[in-house]
Amino acid sequence: MTTAENSVLKPEYEKDLYEYQQNRIHQLYRDFVDLNQATNQRLIKYCPKCGVENPETTKGGNANSGKPMLRCCSCGKRFVYDSGMLTFYSHQDESQWADFIKETLSGTSIKDCAALIDVSERTAFRMRHKLMDFLNEAAKEDLEKSPLSNEIECDETYYHECHKGLKDRALADVEDRIYWYENYPCTSEVSVEAVVKQIDELQEERDAIIAKQHEKKRGISSDLACVVTSIERQGDAAVMATNMAKPTSDDIRKAAAVIEDGSFVFIDGATAYLSVLAEKNCNFSICPSDETYDAVNHLNTVNSLHSKMNEWMRRYRGVSTIYLNRYAALFHFVHKYRDCDKQEMTLLILKVLNRVQHYFFDRMMYIKEIFADPQVMEHRASKVSIWDQRRSRKQMRTEMKRGSSFA
Ligand SMILES: [Zn+2]
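Residues numbered from 1 in each chain as written. Predicted model: local features only at pLDDT ≥ 70, side-chain atom pairs only at ≥ 80, totals over all residues.

Colleague: It is not clear to me how the overall build of the protein chain should be interpreted in this structure. Could you clarify?
Modeller: Of regular secondary structure, the protein chain possesses 14 helices and 8 strands. Classification of the 407 residues of the protein chain by burial places 25% in the buried group. In the protein chain, the proportion of contacts linking residues at least 24 apart, taken out of those at least 6 apart, comes to 58%. (Helix = DSSP H or I, 4+ residues; strand = E, 2+ residues; numbered from the N terminus. Buried ≥ 20, exposed ≤ 12 C-beta atoms within 10 Å, placed from the backbone. Contact = placed C-beta atoms within 7 Å.)

Colleague: Would you take a moment to explain the sheet that holds strand β7 (residues 264–267) for this structure?
Modeller: Two orientations exist for strands paired in a sheet by backbone hydrogen bonds: parallel and antiparallel. A sheet is described by the order of its strands in space; here 5 strands give the open sequence β6-β5-β4-β7-β8, paired in mixed fashion. The open sheet terminates on both sides in strands that have one partner only, identified here as β6 (237–244) and β8 (283–286). Each strand of the sheet is rotated relative to its neighbour by a mean of 25°, with strand direction disregarded. Where β7 meets β8, 4 bridges bridge the pair, whose relative direction is parallel. By the bridge assignment for β8, Ile267 is matched with Ile286. (Pairing = 2+ DSSP bridges. Axes fitted to C-alpha atoms, helices over the stretch in contact; angles between N-to-C directions.)

Colleague: Before we go on, may I ask you to explain helix α12 (residues 342–353) in this structure?
Modeller: Since the α-helix packs 3.6 residues into each turn, any two residues three or four apart lie on the same face. Given a rise of 1.5 Å per residue, 12 residues ought to cover 16 Å, and the 16 Å separating the end C-alpha atoms of α12 matches this to within 8%. All of the buried residues in α12 are Met345, Thr346, Leu347, Ile349, Val352 and Leu353. (Expected span 1.5 Å × (residues − 1).)

Colleague: Quick question: what am I supposed to make of helix α5 (residues 121–145) here?
Modeller: In this model α5 runs 36 Å from its N-terminal to its C-terminal C-alpha over 25 residues, within 8% of the 36 Å that 1.5 Å per residue would give. Those residues of α5 that sit buried are Ala124, Met127, Arg128, Lys130, Leu131, Asp133, Phe134, Leu135, Asn136, Ala138, Ala139 and Asp142. Contacts from the buried residues of α5 go to α3 (94–105), α4 (110–117), α11 (324–336) and α12.

Colleague: I'm lost on the environment of Met85 in this one. Help?
Modeller: Locating Met85 in the fold gives a position in the loop between β3 (78–80) and α3. C-alpha separation for the pair Met85 and Phe360, spaced 275 residues apart in sequence, amounts to 9.1 Å.

Colleague: Is there a simple way to think about the sheet that holds strand β1 (residues 57–62) in this case?
Modeller: Strands sit in the order β1-β2-β3 across an open sheet of 3 strands; the sheet is antiparallel. The open sheet has two edge strands, β1 and β3, and neither has a second partner. Across the sheet, the mean angle separating the axes of adjacent strands is 40° when strand polarity is ignored.

Colleague: Would you take a moment to explain the packing of α5 against α11 for this structure?
Modeller: How two helices pack is summed up by the angle between their axes together with the distance between the axes. Packing of α5 against α11 brings their axes to within 8 Å, and their N-to-C directions diverge by 65°. The angle between α5 and α11 places the two elements in the roughly perpendicular class. Read as a crossing pair, α5 and α11 show a hand that is left-handed. Residue-level contacts link His129, Met132, Asp133, Leu135, Asn136 and Ala139 of α5 to Asn325, Arg326, Tyr327, Ala329, Leu330, His332 and Phe333 of α11. Residues that form the contact of α5 with α11 fall into these classes: 7 nonpolar, 4 polar and 2 charged. (Parallel < 35°, antiparallel > 145°, perpendicular 65-115°, else oblique. Left-handed = near helix turned anticlockwise from the far one by under 90°. Nonpolar A, V, L, I, M, F, W, Y, C, P; charged D, E, K, R; others polar.)

Colleague: I tried to follow the environment of Leu324 on my own but got confused; where do I start?
Modeller: Relative to the helices and strands, Leu324 resides in helix α11. Residue class for Leu324 comes out buried when judged on the 23 C-beta atoms lying within 10 Å of it. When the C-alpha atoms of Leu324 and Met313 are compared, they prove to be 9.6 Å apart, with 11 residues separating the residues in sequence.

Colleague: Whenever I open this one, unusual backbone geometry confuses me. Can you help?
Modeller: Excluding glycine, most residues fall at negative phi; most peptide bonds, likewise, are trans. The phi angle at Asn54 is positive, at roughly 40°, despite the residue not being glycine. Within the element layout of this structure, Asn54 appears in the loop between α2 (19–38) and β1. Even without being a glycine, Asn281 presents a positive backbone phi close to 55°. By secondary structure assignment, the location of Asn281 is in the loop between α9 (271–279) and β8.

Colleague: What's the story with the confidence of the model for the protein chain in this structure? I'm lost.
Modeller: Detailed reading of the predicted coordinates is not advisable wherever pLDDT is low. Put simply, the protein chain has an average pLDDT of 78, and 83% of its residues get 70 or more. Averaged over each element, pLDDT in the protein chain is lowest for helix α13 (residues 374–384) (47) and highest for strand β2 (residues 68–72) (89). Note on residues 371–380: pLDDT under 50 across the span, and 11 contacts to partners over four residues away in sequence or across chains. (pLDDT = per-residue confidence, 0-100.)

Colleague: So what exactly am I meant to see when it comes to the pairing of strand β5 (residues 224–232) here?
Modeller: The two faces of a sheet get side chains in turn, since along a regular strand they alternate between them. With 9 of 9 residues buried, β5 lies mostly within the body of the structure. Burial along β5 is two-sided: the residues Leu224, Cys226, Val228, Ser230 and Glu232 and Ala225, Val227, Thr229 and Ile231 are all buried. Where strand β4 (residues 151–160) meets β5, 9 bridges bridge the pair, whose relative direction is antiparallel. Residue pairing for β5: His160 is matched across the bridge by Leu224. One ladder, built from 7 bridges, connects β5 with β6; its direction is antiparallel. By the bridge assignment, Cys226 is partnered in β6 with Asn243. Between the antiparallel neighbours β5 and β6 lie 4 residues, among them Gln234 with a positive phi of about 65°.

Pasting the structure below:
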């Protein structure tokens, strides 16, 4: 019941509505006010200086940057109010970040995001990865707090290994050499024909490398990244890239940590799941193929999520394999708030992020160890060490300048 003074509805509209309709409008109004307040309320989990949990703080003046500071009552040290937030160590303010989150949720490319909030592309790239790393933390906390329960569908999907921005070293080397020959100043000593011949040879070499790469990608080979998805029917989803190729039971154990013990799980019959589900005292039903599906035993929910995920990943024009889990975290929230308007989704995400205290620095941008298996890491590290790549390319260019590679 609402009284006339605190009603958000004008009296002339109130008479047109039943009481339950008025109550619903008031409830919605209160929810929105709560949401707006929550996006401004920060929860400091621990003091960044001494680590005491839920610290009491007093005002501590301003930092040189002008940001207000807080003083921890147990250690007496000061820290900026946004320590461990998105805006920490960032020149962009809250409103720019809010716009950026909104654009990211709409699938806007980094280039367009950069133009919209007036920062460089490099900064926008860094912002996107910082945001996704925060969301990764938030998603972990979210699923720890409320694990998937009741009826759950589990299945895996595969993504081609993609090194967006990080090409295969052999391919990059060949492309560098082609570029060098294409810009080679022809003198009387070196004929044009010789250079053209070199370029033709190198182009053949490049085509061979590309053809080899494509050949590798047929079937479930070790070049496919496996993403294990668990989804509660009518509820949240947990998406996690676990490994290359088919998942082992250890991979499933990691991914199934988000499932509450004693749930009922629908699977496609992959043996890797069976032991893990037994450990968690989960009952399960095996739905091997479309023909065996009925009204209850099916994997339609998880399959439709996979196709949504594919469509969604396409909007970002190829997601590099090493960043799959970061994008998976973003997708977790996009799915969670799927019924909300983009603006509301942004507010909800800001609310979630206010409860996260996380530190993201530039050195964490290029992650190597999304897959915890050391063997896989080794395999990946050999492929994706971009610093090595850059160093070797630089070395090669210096050698080329010296003219040692041109005979
Ligand atoms: Zn302290």
